[in-house]
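Coordinate analysis (summary)
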Amino acid sequence: MQWRSIVVGLLVLRVLLNCAVWLVFGLGPSWGFDFPIKFTFNLHKIELLKDGDGATVKTNAWSQHMYDNRNPQANTCSKISGNSPKKSYLSFFQEGRDEYERKYSSFPDALKVKMRGMARDMFYFGYDNYMKFAFPEDELNPIACEGRGPDVLNPSNININDVLGNYSLTLIDALDTLLILGNVTEFHRAVRLVIETVSFDKDSTVQVFEANIRILGSLISAHILLTDPRNPFGDIALKDYDNELLHMAHDLAVRLLPAFENTSTGIPYPRVNLKKGVPPDSINETCTAGAGSLLVEFGILSRLIGDSTFEWVARRAVKALWNLRSNETGLLGNVVNIQTGQWVGRQSGLGAGMDSFYEYLLKSYILFGEKEDNRMFSAAYESIQSHLRRGREACNEGEGDPPLYVNVNMFNGQIMNTWIDSLQAFFPGLQVLNGDVENAICLHAFYYAIWKRFGALPERYNWQLQAPDILFYPLRPELVESTYLLYQATKNPFYLHVGMDILESLEKNAKVRCGYATLHHVVDKSKEDRMESFFLSETCKYLYLLFDEDNPLHKSESKYIFTTEGHIVPVDQRFREKSWEDQFPCEEPINKPPANISNTKCCLTIIIREAHAQMSFLDLLQEDVLLVEEEYNGCGGEVTVITDTVEQHHVVCAQSSDEDDTGHTFEAVDPLLPL
């Protein structure tokens, strides 16, 4: 078979090329090290590896079990001998225990002040040059010293157009970072610029997820900080401020609502045109993180303005995804068809396409106190530990490889590939929030080991070949975020050293004439002319906070949480209250509603089809559009009102066509079918 010979030849050639790369760049195997940080935590026992029959494999060496029950020839690690001594990735830190104690056991205050200054200077070098050369465009091209907006000549360039909406993205994204740095004057100037110059009435097609976390989240965060009567950052009141940022957030959220229409599952379309709604050629596929990571921002907005619409649609999307998880493993895939509910991508992991879905389950519970969010997160975390985690039971002791979280098939838990991506570096920070500090320490060490090797995190890293699969690094913040949260949890000066290493690497490898540039290649350090907005909103923010022990954020009596874009919001009792329940009380549901209507306690919800019809639910009531009496006490479930115009309306109830105890009759229909 000639084709088989060709395939074998190509495989051999790839192995030889990888060996050459290792030799040239010094990337050869160096796994194994007795990590000098000692832990005193206990880990619960979990099943690490399973064979095809579900029996536990009595080994902790994930490096020898990449492909369960697959053709051995497909396993490019098949030649590793079971008797070969293995080293762990923690060997990157090994310099002897005495050397470790000398280097990492302390971090002088003077050095902390110096690093804080470097982080501040890094932010302002990027921010000032953006304002000088790029504003009001969305991003800065730091090499050419010019602005960047949407690629109008190539609408299919989603790498750019998903993010850039012609709405001064970098300025909005950086608002609360200015306040974290204590620059109230520039914060006020930036807020005024946003109010006076930014409009969302644009013919821009953007990704719902990106617009939500970068724009909506920042506007909400800045508004909350401006109006917080406790003044955690001092007196930062802006003269004549009249909730404009909140109004802008509401305007943007209304323009994102069409993504939730005409989808039979309730899972939103991935993209929306801010002026025209969902594009006619929009695809029916979206990623789990993109559709399921809207609840924090939408939920806060709903509770700030007293309109349940936004939280309802976001929460329904989360529930729809959750109900599609595997019955066998409890895992979700990474890409789903929003009309059929079928999984297009069956890979389950912690990185791109899934990361913030898990993050927002926990953070939504922390913010809103909804027990269902906690139940979903706990179940998801258990499934992750059971099916994604490979390696020995404890991080710092025992036989076999240190723990690693891999990408598996959602239906059977078998490993699908041998790479992980840099977005997964957020997970140690989430583990800290969940109280699983030992696992957080261990996973963080894995990613820091990769950073030590390259001075950056490659977008994808092949843990089998121990080399990058995708070589660029766009200044992502996830490792810095986890480093900051681990330091807050442990106060171990080791993490200050990690932060200093990251800060100095960025300064050395990414700084260019007018800012900090994406690394095109983490080995040769070649660059791309782009500075994404999250560099200022997250990477610089976490680095600064890591070294600023006395920041008001740390000293305030209020507790704060970071959104997935790094925007700060307080853990506040008002976000655990639903003003619409006071307006329209609802009793516990009695009858099971149709499958396509969420069974929540919220009694009345509006989805307004036309983006320009920015009427709140109460406005609609006052206009007598809804034939619902004020004393209406509920229909035993949830009422959803969908209007094409204020003249046409349908009332959807959790019950079928029946009379409720107020005498009204309601028709059960699909809430997302065209009227």
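Just so we're clear, the structure is a prediction, and the values are computed from it rather than from any experiment.

1. Observations regarding the UniProt feature "active site" (unreviewed entry) in the protein
With numbering matched to this structure, UniProt assigns "active site" (unreviewed entry) to Glu210, Asp355, Glu459 and Glu478. Considering the arrangement of structural elements, one finds glutamate 459 in the loop between helix H16 (437-454) and strand E13 (460-462). You can call glutamate 459 buried: its relative accessible area is 11%. Those residues in contact with glutamate 459 that sit more than four places away from it in its chain are Ile420, Asp421, Ser422, Ile470, Phe472, Pro474 and Arg476. Inspection of the secondary structure puts glutamate 478 in helix H17 (residues 478-490). With relative accessibility at 11%, the residue glutamate 478 sits in the buried group. Once you skip the residues sitting within four places of it in the chain, glutamate 478 turns out to touch Ser422, Leu423, Ala425 and Phe426.

2. Re helix H18 (residues 494-509)
Its 16 residues place the ends of H18 22 Å apart at the C-alpha level, agreeing with the 22 Å of an ideal helix rising 1.5 Å per residue. Counting buried positions along H18 yields 13 of 16 residues, so the element is predominantly enclosed.

3. Some thoughts on the packing of aromatic side chains
The description of an aromatic ring pair uses the distance of the two centres, along with the angle that the planes make with each other. In the structure shown here, the tally under the stated rule is 23 aromatic pairs. Centroid distance tyrosine 167 to phenylalanine 200: 5.9 Å. Interplanar angle 80°. Geometry classified as edge-to-face. Of the two residues, tyrosine 167 sits in the loop between helix H4 (158-161) and helix H5 (169-173) while phenylalanine 200 sits in the loop between helix H7 (184-197) and strand E3 (205-207), which places them 33 residues apart along the sequence. By the burial criterion, tyrosine 167 is buried, and phenylalanine 200 matches it. The structure contains a cluster of three or more aromatic residues connected by ring pairs, namely Phe377, Tyr381, Tyr405, Phe426 and Phe427. The ring centre of tryptophan 419 lies 3.7 Å from the NZ or CZ of arginine 460, which sits over that ring. The ring of phenylalanine 125 carries the charged tip of lysine 511 above its face, separated from the ring centre by 4.6 Å.

4. Here's the deal with the sheet that holds strand E12 (residues 419-421)
Read across the open sheet, the 3 strands follow the order E12-E13-E14; overall the sheet is antiparallel. Each having just a single partner strand, E12 and strand E14 (467-470) make up the two edges of the open sheet. For this sheet, the mean inter-axis angle between neighbouring strands, taken without regard to orientation, is 35°. In the sheet, E12 pairs with E13 via 3 bridges, with the strands oriented antiparallel. By the bridge assignment for E13, aspartate 421 is matched with arginine 460.

5. Focus: the UniProt feature "binding site: Ca(2+)" (unreviewed entry) in the protein
The feature "binding site: Ca(2+)" (unreviewed entry), as given by UniProt, occupies Thr564 in the numbering adopted here. When you line up the elements, threonine 564 lands in the loop between strand E19 (560-562) and strand E20 (568-570). With residues near it in sequence (within four places) discarded, threonine 564 still touches Ile213, Ser356, Glu359, Tyr360 and Glu538. Engagement of the side chain of threonine 564 in a polar contact is seen with the side chain of glutamate 359, the distance being 2.8 Å.

6. As for the state of the cysteines
Under the counting rule described, the total for this entry stands at 2 disulfides. Between the sulfur of cysteine 145 and that of cysteine 514 lies a disulfide, 1.8 Å long from S to S. Measuring the twist about the S-S bond at about 90°, one finds the cysteine 145-cysteine 514 disulfide to be right-handed. Note that cysteine 145 is positioned in the loop between strand E1 (139-141) and strand E2 (146-148) and cysteine 514 in the loop between strand E15 (511-512) and strand E16 (515-516), a separation of 369 residues in sequence. Classification of cysteine 145 as buried rests on a relative accessible area of 11%. Each sulfur in the disulfide pair cysteine 395 and cysteine 442 lies 2.1 Å from the other.

7. Focus: the pairing of E14
Pairing of E13 with E14 involves 3 bridges; the strand directions are antiparallel. Among the inter-strand pairings, asparagine 462 is bridged to a residue of E14, identified as alanine 467. Between E13 and E14, which pair antiparallel and follow one another directly, the connecting turn spans 4 residues, one of which, glutamine 466, has a positive phi of 55°.

The rules behind the values
Residues numbered from 1 in each chain as written. Predicted model: local features only at pLDDT ≥ 70, side-chain atom pairs only at ≥ 80, totals over all residues. Heavy atoms only, no water. UniProt positions renumbered as here; feature names shortened; annotations may be inferred. Helix = DSSP H or I, 4+ residues; strand = E, 2+ residues; numbered from the N terminus. Buried < 20%, exposed > 50% of the residue type's maximum accessible area, 1.4 Å probe, protein only. Contact = heavy atoms within 4.5 Å. Expected span 1.5 Å × (residues − 1). Phe/Tyr/Trp six-rings, centres within 6.5 Å; stacked < 30°, edge-to-face > 60°. Lys NZ or Arg CZ within 6 Å of the ring centre and 35° of its normal. Pairing = 2+ DSSP bridges. Axes fitted to C-alpha atoms, helices over the stretch in contact; angles between N-to-C directions. Polar contact = N/O pair within 3.5 Å; in protein donor to acceptor, adjacent residues only side chain to side chain. Disulfide = S-S within 2.5 Å.

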